[in-house]
Amino acid sequence: MSRGAAVLFDAPGPRARRLSLILSLVAGVLILLGIGWILAVLAAPREGPGGLELPSMLSPERWNIFTDPDVWALIWRGTLATLQAAAVAAVMALAFGVVLSLLRSAQSRWVRVPTAIFIEFFRGMPVLLMMLFILLAASTSQFWAVVWALALYNGALIGEALRAGLVALPKGQREAGLSLGMRQLQSKMLVEFPQAFRQMLPIIVAQLVVLLKDTSLGYIVGYTELLRTTLNNLASFYGNRYLFSLFVVTWVVYLAMNLALSWFARWLSRRTESGGGGFSWGRNKGAEPPEDPNQALLVAEASADARTSATGGGAPGSRT
Amino acid sequence: MDAVFDNLPRYLDGFSVTLLLLGVSGVSALVLGTIIAAMRISPVASLRGFATVYTEIVRNTPLTLVLFFCAIVLPILGSTLPFVIAAMIGLSVYTSPFVAEALRSGINGVPVGQAEAARSVGLGFGQTVSMVILPQAFRMTVPPLINVFIALTKNTSVAGGFFVAELFTIGKELANARGDAVVAVLLGVATFYLIITVPLGLLATQLEKKWVVQR
């Protein structure tokens, strides 16, 4: 509809265009005023205890630690710790996802149903709670608590996505595989799975962006990643005076990492979109998948379920 | 097991705070998200730009950082809000772009042909939107919105890390107090979360399944 928004009303004439230009300018001025107000608040000198005047948030006294290369070295180490946890968790989540999707679409009900319950359990629980659980119950290091919790949670989601991708494939793919003399598992692994994986790649990558964001929960369970390094360790070493500037720097680092990954995810989804497959996002042919992985997963799952119930078979694997 | 049942009142205390966080930030995220979505499809260019930048920035900031800002940085800047309110603000701000995205994708999902047909039958802008577009967009928005609220439910646990005594904090305290029954205590906490998230999830899947067939 965004392209077709002009369909909703007559093409704007000179007066309507002028009105929208004026509105645009007014809103722009208001937004600039808002930003100016925030900057003014930040630039105003602070009142300390006992009427003591402290430097403003933007004064160089609050930013001078960033000339010290050691500070940057620590920030870099924190970033690396974040990326390391995210990378290990991502690999594990992918592995879990593959296994879970295969179990979830297994032929035997005795495998399928427990897997479904397992997946629902891990999807419905807060990741933070899972981290605490693993930390206390399995008494591992904080790193492994973070990694395992993220891997289990995202593995469950990726598993669901892959299962939806498997179900969404045209039935002929499996039939062709079987008629070539492949076994069930062979056809699944060699014919169906690669296609499902490719179909669901945008969701999976978007989910990995979420995973990277969620490593910040390590701050709460005590894993020394980026947030804990800057906002806890560095802030307590240099004093709370620098907390604001440290916060801003941390924020920028996170934004840079996440934006880069999101752009990659978007690029990937545009690239894979042209690829064939029996699945379309939404009603418009060639519609882009929703950017939110959760939402995309919902659509994929629902289409998968609708497909299975429409063909009458309970299990996608039982059709031979 | 009795570690759970003995402390049931404390669980319920935490659960009520969680529900409070969920309710208040859910409603305000809905309001905020609707405003952002309206900005994003509005003909006013500067509002559109603002909404896009806001969405990109907030969606790429971890929730932990948002709540850190609300609970720890804001007091440095002179705010005196209680932590519960700060957490509510943080949660609503963090959730609002997801709400906006759900609304926007719902409206985007209505095929252009629908609007074209309505227009060519002679309906005006108001009629087209209210009688043709919105009823169809509504169906496509509800399941994603439910999903956003499920995510919000799980996200309220992060507020527990920032001085709000909700379910997660209670669980942490109880687990520390009852070192012998950590698993039972934490499974108890998980149950409370699952009470909200699993039925909502089933509802969303059910609705989406019902409506996906009609597409």
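Our structure's up above, just so we're on the same page.
Here goes a summary of the coordinates provided. Residue numbers here run from 1 along each chain, matching the order of that chain's written sequence. Think of it this way: whatever chain is written first is A, whatever ligand is written first is 1, and the rest follow in order. Reporting in this predicted model follows two pLDDT cut-offs: at least 70 for local features of residues, and 80 or more for side-chain atom pairs to be given and counted; totals over whole chains, interfaces and linings ignore these cut-offs and use all residues. With hydrogens and water set aside, each side-chain value is computed from the structure's full complement of heavy atoms.

## Comments concerning the overall build of chain B
The secondary structure listing takes helices from DSSP runs of H or I that are at least 4 residues long and strands from runs of E that are at least 2 residues long, numbered from the N terminus. On a plain count of helices and strands, chain B comes out with nine helices and zero strands. Each helix (α) and strand (β) of chain B, taken in turn from the N terminus, gives the series α-α-α-α-α-α-α-α-α. If one aligns the C-alpha atoms of chain B with their principal axes, the spans along those axes are about 70 × 45 × 20 Å. Between buried and exposed lies partly exposed: a residue is buried under 20% and exposed over 50% of the maximum accessible area for its type, with that area taken using a 1.4 Å probe on protein chains only. When the 215 residues of chain B are sorted by exposure, 54% land in the buried category. Within chain B, contacts between residues separated by at least 24 positions form 76% of all contacts whose residues are at least 6 apart in sequence. The contact criterion used is simple: two residues touch if any of their non-hydrogen atoms lie within 4.5 Å.

## Remarks on the pattern of salt bridges
Every case where a carboxyl oxygen of Asp or Glu lies within 4 Å of a side-chain nitrogen of Lys or Arg is listed as a salt bridge. One pass over the structure, following the stated rule, counts nine salt bridges over all chains. A salt bridge links Arg163(A) to Glu160(A), with the shortest nitrogen-to-oxygen separation between them at 3.7 Å. Of this pair, Arg163(A) and Glu160(A) both sit in helix H5 (residues 142-168), three residues apart, roughly one helical turn. For Arg163(A), a relative accessible area of 6% corresponds to the buried category. What makes Glu160(A) buried here is its relative accessible area of 2%. Among the ionic pairs, Arg59(B) bridges to Glu101(B), the shortest N-O distance being 3.9 Å. A residue pair is termed long-range when its members are at least 10 positions apart, and Arg59(B) in helix H3 (residues 45-59) and Glu101(B) in helix H5 (residues 83-108) qualify at 42 residues. Judged by its relative accessible area of 14%, Arg59(B) falls in the buried class.

## Re the interface of chain B and chain A
Listed per partner, the contact involves 69 residues of chain B and 59 residues of chain A. A salt bridge links Arg266(A) to Glu56(B), with the nearest nitrogen and oxygen atoms 3.2 Å apart. Counted as a polar contact is a pair of N or O atoms within 3.5 Å, where, for protein atoms, one must be capable of donating a hydrogen and the other of accepting one, and residues adjacent in sequence contribute only when both atoms are in side chains. On inspection of chain B and its partner chain A, the count reaches 12 residue pairs in polar contact (both at pLDDT 80 or more). Within the residue set of the side of chain B that touches chain A, elements represented by two or more residues are H3, helix H4 (63-76), H5, helix H6 (112-121), helix H7 (125-159), helix H8 (167-177) and helix H9 (182-214) of chain B. Take the side of chain B that touches chain A: its biggest share by element is 15 residues, from H9(B).

## With respect to the side chain of Thr79(A)
All names here are of chain A. Note that Thr-79 resides in helix H2 (residues 69-104). Thr-79 sits in the buried class, given a relative accessible area of 6%. What Thr-79 contacts, discounting residues up to four positions off in sequence, is Leu-226, Val-253 and Met-257.

## Side note on unusual backbone geometry
With a phi close to 40°, Ser139(A) is a non-glycine residue in the positive phi region. Positive phi is not limited to glycine here, since Phe163(B) has a value of about 70°. Tracing the backbone shows Phe163(B) in the loop between H7 and H8.

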